[in-house]
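Structure assessment
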Amino acid sequence: MRLLLVEDEPALRTPLRAGLADAGYAVDEADNGRDALHLGLTEPYDAIVLDLGLPLVDGLTVLRQWREAGRTMPVLILTARDGWHEKVTGIDAGADDYLTKPFHMEELLARVRALIRRSQGLASAVLQHGTVTLDTRSGRVSVQGQPVTLTSHEFRVLAYLMHRPGTVVSRHELTEHLYAQDFDRDSNTIEVFVGRLRRKLPPDTIETVRGLGYRLGAPA
Ligand code: CA
């Protein structure tokens, strides 16, 4: 999953980025509203964390412009402590959730997980496919109750597919959602990750749909 983090205060942005990256997300950053607006219009984020008080273009304007352009990614806004009016305006402008500063990293992570799964119509934090279980809270994967060790890239591939059961996902789409913008991307490496992942999962968990991409196979 790939996130955009928009926050102009380096003292906040740096630990937030680290916390999100530790949780397994590919993270792009913006420190002003103009860059945020552009990135949100052009890159396919799974969720966006948006501070409202930003240089160049304020966060509410950024959010309104994303929504006017038809961008539907989940957006969580960061608001000031006593800013109840900001929350109302923000939600009316198209925000899906908010957090009041200061907040705990764990709460941000829980809200981001919930936004991502709800955007895919999933209610539970534990995703199940046949005998494969992926706990989005702990990042643990198991097969028939036995833990499976995955690298961070293997985990990202599996998590992306398990958030979209029955959907064919192209290599290009996986590439876009696995890596941050500054990462040197190579869609051939996706094949490598999928190959390694397949050896760790029951046969036919990940099907290749010729010419189109991958999808979770029918559970045995
Ligand atoms: Ca700010």
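Each value, and the rule that gives it
Residues numbered from 1 in each chain as written. Predicted model: local features only at pLDDT ≥ 70, side-chain atom pairs only at ≥ 80, totals over all residues. Heavy atoms only, no water. Phe/Tyr/Trp six-rings, centres within 6.5 Å; stacked < 30°, edge-to-face > 60°. Lys NZ or Arg CZ within 6 Å of the ring centre and 35° of its normal. Donors = N, O, S within 2.8 Å, 3.2 Å for Na, K, Ca; no water. Helix = DSSP H or I, 4+ residues; strand = E, 2+ residues; numbered from the N terminus. Buried < 20%, exposed > 50% of the residue type's maximum accessible area, 1.4 Å probe, protein only. Axes fitted to C-alpha atoms, helices over the stretch in contact; angles between N-to-C directions. Parallel < 35°, antiparallel > 145°, perpendicular 65-115°, else oblique. Left-handed = near helix turned anticlockwise from the far one by under 90°. Contact = heavy atoms within 4.5 Å. Nonpolar A, V, L, I, M, F, W, Y, C, P; charged D, E, K, R; others polar. Salt bridge = Lys/Arg side-chain N within 4 Å of Asp/Glu carboxyl O. Domains from an automatic or database assignment. Polar contact = N/O pair within 3.5 Å; in protein donor to acceptor, adjacent residues only side chain to side chain. Pairing = 2+ DSSP bridges. 1 Å grid on protein atoms, 1.4 Å probe; cavity = no way out; pocket = protein on both sides within 12 Å on 5 of 7 lines; lining within 4 Å. Points joined across faces, edges and corners; volume = space filled by probe spheres on them.

Section: the packing of aromatic side chains
- Evaluated as defined, the whole model comprises zero aromatic pairs.
- Sitting over the face of the ring of Tyr160, Arg164 holds its NZ or CZ atom 3.6 Å from the ring centroid.

Here's the deal with the coordination of the calcium ion
- Looking at the calcium ion, the protein donor atoms are Asp8 (OD), Asp51 (OD) and Gly53 (O), and they sit 2.2 to 2.3 Å from it.
- Taken in chain order, the donor set of the calcium ion reads D-x42-D-x1-G. Here Asp8, found in the loop between strand 1 (2–6) and helix 1 (10–22), pairs with Asp51, found in strand 3 (residues 47–51); they are 43 residues apart in sequence, far enough to count as distant.
- Of the residues examined, Asp51 reaches a relative accessible area of 4% and is grouped as buried.

What to know about the packing of helix 2 (residues 33–42) against helix 3 (residues 59–68)
- Here helix 2 crosses helix 3 at 20°, and the two axes come no closer than 10 Å. When the interaxial angle is binned, helix 2 and helix 3 end up roughly parallel. The two elements helix 2 and helix 3 cross, and the hand of that crossing is right-handed. Facing Gly33, Ala36, Leu37, Gly40 and Leu41 of helix 2, the residues of helix 3 in contact are Val62, Gln65 and Trp66.
- Residues belonging to the contact of helix 2 with helix 3 are distributed by class as follows: five nonpolar, three polar and no charged.

Points about unusual backbone geometry
- Cis rather than trans, the peptide bond between Lys101 and Pro102 has omega equal to -5°.
- Secondary-structure assignment places Pro102 in the loop between strand 5 (97–100) and helix 5 (105–119).
- One non-glycine residue, Gln144, lies in the positive phi region at around 50°.
- Classification of Gln144 by relative accessible area gives exposed; the value is 65%.

What to know about the pattern of salt bridges
- In the structure shown here, the tally under the stated rule is 14 salt bridges.
- With a closest N to O distance of 2.3 Å, Arg17 and Glu29 form a salt bridge. One end of the pair, Arg17, is in helix 1; the other, Glu29, is in strand 2 (residues 26–30), with twelve residues separating them in the sequence.
- Relative accessible area serves as the criterion here: at 27%, Arg17 is assigned to the partly exposed category.
- If you follow the salt bridges from partner to partner, you end up with Arg2, Asp28 and Glu43 in one network.

Some details on the domain arrangement of the protein chain
- Segmentation of the protein chain into domains returns domain 1 (2–119) and domain 2 (126–216).
- Distance from the C-alpha centre of domain 1 to the C-alpha centre of domain 2: 25 Å.
- Opposite the 14 residues of domain 1 that make contact, domain 2 presents 14 residues.
- Inspection of the domain 1/domain 2 interface yields one salt bridge.
- Residue Arg164 is joined to Asp46 by a salt bridge in which the shortest nitrogen-to-oxygen separation is 3.3 Å.
- Where domain 1 meets domain 2, there are nine residue pairs in polar contact (both at pLDDT 80 or more).
- When contributions to the side of domain 1 that touches domain 2 are tallied by element, the ones reaching two or more residues are strand 2 and helix 5.

Digging into the sheet that holds strand 6 (residues 126–129)
- Taken in spatial order, the four strands line up as 6-7-8-9 in an open sheet, and their pairing is antiparallel. Across the chains shown, the open sheet's two edge strands, defined by having one partner strand only, are strand 6 and strand 9 (146–148). Adjacent strand axes in the sheet meet at a mean angle of 25°, parallel and antiparallel pairs treated alike.
- Pairing of strand 8 (residues 140–143) with strand 9, which is carried by three bridges, proceeds in the antiparallel orientation.

Some thoughts on the layout of surface pockets
- Approximately 380 Å³ is the volume attributed to the largest pocket.
- Ala23, Gly24, Tyr25, Thr136 and Phe155 are the residues nearest the centre of the largest pocket, which is lined by 19 residues in total.
- At four residues, helix 6 (residues 152–162) tops the list of elements feeding residues into the lining of the largest pocket.
- Two domains each provide a minimum of three residues to the lining of the largest pocket, namely domain 1 (2–119) and domain 2 (126–216).

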